[in-house]
Amino acid sequence: SVWHSLLTVLSAVVVDFLLLGVAIGTAGWLLSNKYLRASVPGGHAHAVEQHVEWLYAFDVHCNAYFPLFLLLHVLQYFLLPLLLSGGFIGCLVSNALYAVALAYYHYVTFLGYNALPFLEHTELFLYPIGVLALLAPLSLLSGFNPSVFVLRVYFGSS
């Protein structure tokens, strides 16, 4: 129905983009300001103490979310017949699609924070890619299909 479609779109925008973005942006903001700021050597009198603004952290999320959106909402839609086929190939493509989308999200996040010269050790934002690299083969071997899981979350069990 039209109402269910509107609720799904609203859920994707409000929950996936905004609420998750606020949470991830806040986490990145806190992490970068508390642990990743470079200290001013010798307390130089002419140096200005710099901080990451929360809106910058949210903007990093927005920039990283767009490619993820294209992969997991647009491309996945066109690949659904293959992804839902129930075979090994569908599971493989689905796992690869989610792994690439999430890895690219973390890479773009890394680029956003790495652009700030007063932050150090921003490679911390790349660590989730290593976790993805470990979990993706396990997910594939267990037969877990992320596309089927996400569709069940959005639309209920089929």
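Here, every reference points to the structure presented above.
For clarity, every value in this text was computed on a predicted model and none was experimentally measured. (Residues numbered from 1 in each chain as written. Predicted model: local features only at pLDDT ≥ 70, side-chain atom pairs only at ≥ 80, totals over all residues. Heavy atoms only, no water.)

### Side note on the packing of aromatic side chains
Here is step 1 of the chain: All told, the structure shown has eleven aromatic pairs when counted by the stated rule.
Here is step 2 of the chain: A ring pair is formed by Tyr104 and Tyr107, whose centres lie 6.4 Å apart and whose planes are at 40°; its orientation type is tilted. You can see Tyr104 and its partner Tyr107 sitting in helix H3 (residues 88-114), three residues apart, about one turn around the helix.
Here is step 3 of the chain: Within the aromatic cluster, the residues linked to one another by ring pairs are Phe17, Trp54, Phe58, Tyr65 and Phe69. (Phe/Tyr/Trp six-rings, centres within 6.5 Å; stacked < 30°, edge-to-face > 60°. Helix = DSSP H or I, 4+ residues; strand = E, 2+ residues; numbered from the N terminus.)

### What about the side chain of Ser94?
Here is step 1 of the chain: Within the secondary structure layout, Ser94 lies in helix H3.
Here is step 2 of the chain: With residues up to four places along the chain from it excluded, the contact list for Ser94 reads Leu83, Asn145, Pro146 and Ser147. (Contact = heavy atoms within 4.5 Å.)

### What about a nonpolar patch on the surface?
Here is step 1 of the chain: Residues Val2, Trp3, Leu6, Leu7, Val9, Leu10, Val13, Val14, Val15, Leu18 and Leu19 make up a contiguous nonpolar surface patch of roughly 1000 Å² in combined accessible area.
Here is step 2 of the chain: Position of Trp3 relative to the elements: it lies in helix H1 (residues 2-36).
Here is step 3 of the chain: Residue classification places Trp3 among the exposed positions, given a relative accessible area of 61%. (Patch = residues over 30% accessible without salt bridge, like charges linked within 9 Å, V, L, I, M, F, W, Y side chains within 5 Å. Areas by Shrake-Rupley, 256 points an atom, 1.4 Å probe, with all protein chains shown as cover. Salt bridge = Lys/Arg side-chain N within 4 Å of Asp/Glu carboxyl O. Buried < 20%, exposed > 50% of the residue type's maximum accessible area, 1.4 Å probe, protein only.)

### Regarding the side chain of Ser139
Here is step 1 of the chain: Of note, Ser139 is situated in helix H4 (residues 127-142).
Here is step 2 of the chain: When sequence neighbours within four positions are dropped, the list of residues in contact with Ser139 reads Asn95 and Phe144.

### Focus: the environment of Phe88
Here is step 1 of the chain: One can find Phe88 in helix H3.
Here is step 2 of the chain: Its relative accessible area of 54% is what places Phe88 among the exposed residues.
Here is step 3 of the chain: On a C-alpha basis, the gap between Phe88 and Leu141 in space is 9.6 Å, while along the polypeptide they are 53 residues apart.

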